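An overview of the molecular structure
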Amino acid sequence: MKQAAAALAVAMFFLTACGGNVSLPADLPLTDTPPAVSDPMQTLPEETTAAPATTEAPATTATPATTAAPATTAAPATTATPATTAAPATTSAPATTAAPAATTAPNANLTAKGFPITVVDGVTYVDGTLIVNKTYDLPADYPQKSLTPEALNAYWTMKQDAAAVGYTIKSISDYRSYYDQRYIYNGYVARDGVTAADRYSARAGHSEHQSGLAIDLNSTAWDFDQTPEAKWISHNCAAYGFVIRYPKGKEEVTGYMYEPWHIRYVGKELAAKLYLGDGQFTTLEEYFGITSAYAD
């Protein structure tokens, strides 16, 4: 037995020292090493992914319940600015800008001849007639964007009737916006100066063309009044509701030079009152007792 044990020990020593390939038994501890080493890596994911359970952010932070911003800030209720800053009610400009009326009569609601003055959205009416001159202006955002239907229909009827008796009438300028007029007026000022331009061109907001009630006919040449068409217009336009708005010799009243081509629609009833006969007209300023002069 001692010899057999010694022989086995020598054989094992020899194999180990020479590094030979030896098929070790399956239950040796060395074969268990990889699983043991890999176990920590297999359990690591389980520990790290368990964070939602440990941090439980939704439950611990419970921000919706603690911050309850909508309930605590209640901004709409505390900052009820619409009620405190009722600007529209306090800045009723149309009612406060009736200053021009005060310059025409002691009673701010009546003209010098007793006609009632009303101001609606910045637009002045005297006895129901819209007034635009150097005293009374239109706001830049005045809603009219073309000739009014009444003015347009009256124009076409007059044009057709004139054609029937051999006269040609045509519009060369009618509606102009506030900004169109500003451009035109500034051009004249650059060319002729303010004093000269104010005699024949309106400042922005003061032009009847912006109202959609005025039309320039045929020609703006100074000798237009010598043409057959101009004479027919001056003698007949009142029958259609138009007047020669800036008659000859009335520059001190209207603020503008004689313009035989410029007609203004006022309706047949008022036109008949303003027509003096033989192609002559009184002015809106004279009839109503109002002024036409710039404030500056």
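Scroll up to find the structure this text is about.
Here goes a summary of the coordinates provided. (Residues numbered from 1 in each chain as written. Predicted model: local features only at pLDDT ≥ 70, side-chain atom pairs only at ≥ 80, totals over all residues. Heavy atoms only, no water.)

With that out of the way, let us pick up the overall build of the chain. Helices and strands together make up the secondary structure of the chain, namely 18 helices and 9 strands. Residues classed as buried in the chain amount to 34% of the 296 residues present. Long-range pairs, those at least 24 residues apart, make up 66% of the contacts in the chain with a sequence separation of at least 6. When the accessible area of the chain is evaluated, it comes to approximately 17700 Å², of which 61% is carbon and sulfur surface. (Helix = DSSP H or I, 4+ residues; strand = E, 2+ residues; numbered from the N terminus. Buried < 20%, exposed > 50% of the residue type's maximum accessible area, 1.4 Å probe, protein only. Contact = heavy atoms within 4.5 Å. Areas by Shrake-Rupley, 256 points an atom, 1.4 Å probe, with all protein chains shown as cover.)

Bringing the pairing of strand β1 (residues 117–120) into the picture now. Relative to strand β2 (residues 123–126), β1 is paired through 4 bridges, and the arrangement is antiparallel. Paired with Val120 across the bridge in β2 is Val123. Counting the residues between successive antiparallel strands, the hairpin from β1 to β2 contains 2 residues, one of them, Asp121, with a positive phi of roughly 55 degrees. (Pairing = 2+ DSSP bridges.)

Overall, the coordinates contain 12 aromatic pairs when judged by the stated rule. Arranged with centres 6.4 Å apart and planes meeting at 35 degrees, the rings of Trp232 and Tyr240 form a pair that is tilted. Of the two residues examined, Trp232 and Tyr240, each falls in the buried class. With a centroid separation of 5.1 Å and an interplanar angle of 75 degrees, the aromatic rings of Tyr287 and Phe288 are classed as edge-to-face. Its relative accessible area of 21% is what places Tyr287 among the partly exposed residues. For Phe288, a relative accessible area of 1% corresponds to the buried category. These aromatic residues form a ring-pair network of at least three members: Phe115, Tyr287 and Phe288. Across from the ring centre of Tyr256, 4.7 Å away, lies the NZ or CZ of Lys134, which sits over that ring. The positively charged end of Arg203 is found above the aromatic ring belonging to Tyr294, 3.9 Å away from the centroid. (Phe/Tyr/Trp six-rings, centres within 6.5 Å; stacked < 30°, edge-to-face > 60°. Lys NZ or Arg CZ within 6 Å of the ring centre and 35° of its normal.)

Inspection of the secondary structure assignment puts Ser207 in the loop between α14 (194–200) and β5 (214–217). At a separation of 3.4 Å, a polar atom in the side chain of Ser207 contacts the side chain of Gln181. Other than its neighbours up to four places away in sequence, Ser207 contacts Val132, Leu138, Arg176, Gln181 and Ala202. (Polar contact = N/O pair within 3.5 Å; in protein donor to acceptor, adjacent residues only side chain to side chain.)

The next point concerns the pairing of β2. Note that β2 and strand β3 (residues 129–130) share 2 bridges and pair antiparallel. Bridge pairing in β3 links Val126 to Thr129. Taking the residues between adjacent antiparallel strands as the criterion, β2 and β3 are bridged by 2 residues, where Asp127 takes a positive phi near 55 degrees.

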